[in-house]
Amino acid sequence: MRIDKRVFEFEWDEANIDKNKKHNVEDKEAEEVFLDERKKIFKDKLHSGGEERFRVVGKTKRGRLLFVAFAKRKNKIRIISARDINKKEVYLYEETA
């Protein structure tokens, strides 16, 4: 999946705003992952029910590696969850080097 930086915006509402604070991830920080040139995006085959879901691993402006689950709705990205990447997932990001 390719995300065109010129075309997307993020969808936040009461269901997902501030949801990731439990993982110490601010909403704006989760958005930064999509601007990482080395990010890796792949389909989330396990959690795609009524809508197609994806996962992305990438770095924030401060160099924090995050794992973000999201859905794409027209030209909007709806972040479902965001957390720090775990040790077993680091290879997903390093493969894009």
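Residues numbered from 1 in each chain as written. Predicted model: local features only at pLDDT ≥ 70, side-chain atom pairs only at ≥ 80, totals over all residues. Heavy atoms only, no water.

**With respect to the overall build of the protein chain**
Within the protein chain one finds two helices and five strands. When the helices and strands of the protein chain are listed from N to C terminus, the series reads β-α-β-β-β-β-α. For the protein chain, with 97 residues in total, the buried portion stands at 40%. Contacts in the protein chain between residues at least 24 apart in sequence constitute 51% of all its contacts with a sequence separation of at least 6. Within the structure as shown, the protein chain displays about 6400 Å² of accessible surface, and the carbon and sulfur contribution to it stands at 47%. (Helix = DSSP H or I, 4+ residues; strand = E, 2+ residues; numbered from the N terminus. Buried < 20%, exposed > 50% of the residue type's maximum accessible area, 1.4 Å probe, protein only. Contact = heavy atoms within 4.5 Å. Areas by Shrake-Rupley, 256 points an atom, 1.4 Å probe, with all protein chains shown as cover.)

**Things to note about the confidence of the model for the protein chain**
In this model, the protein chain carries a mean pLDDT of 85, and residues with pLDDT of at least 70 account for 88%. Taken element by element, the protein chain is modelled with least confidence in helix α2 (residues 90–94), mean pLDDT 85, and with most confidence in helix α1 (residues 27–32), mean pLDDT 94. (pLDDT = per-residue confidence, 0-100.)

**Examining the packing of aromatic side chains**
As enumerated under the stated definition, the model contains four aromatic pairs in all. With centroids separated by 5.6 Å and ring planes inclined at 25 degrees, the aromatic side chains of F54 and F70 adopt a geometry described as stacked. Of this pair, F54 sits in strand β3 (residues 53–59) while F70 is found in strand β4 (residues 65–73), placing the two residues 16 residues apart along the sequence. Comparing F54 with F70, the two get one shared label, buried. The structure contains a cluster of three or more aromatic residues connected by ring pairs, namely F10, F34, F54 and F70. (Phe/Tyr/Trp six-rings, centres within 6.5 Å; stacked < 30°, edge-to-face > 60°.)

**Brief notes about the side chain of D44**
Residue placement: D44 occurs in the loop between β2 (40–43) and β3. With a relative accessible area of 5%, D44 lands in the buried category. Side chain to side chain, D44 and R55 meet in a polar contact 3.1 Å long. In this view, D44 contacts R53, F54 and R55; residues no more than four positions away in its chain are not counted. (Polar contact = N/O pair within 3.5 Å; in protein donor to acceptor, adjacent residues only side chain to side chain.)

**Some remarks on the sheet that holds β2**
Spatial strand order, β1-β5-β4-β3-β2: five strands in an open sheet with mixed pairing. The open sheet has two free edges, formed respectively by β1 (9–10) and β2, since each of these has just one partner strand. Alignment of β4 against strand β5 (residues 76–84), held across eight bridges, turns out to be antiparallel. Bridge assignment links F67 to a residue of β5, and that residue is R83. (Pairing = 2+ DSSP bridges.)

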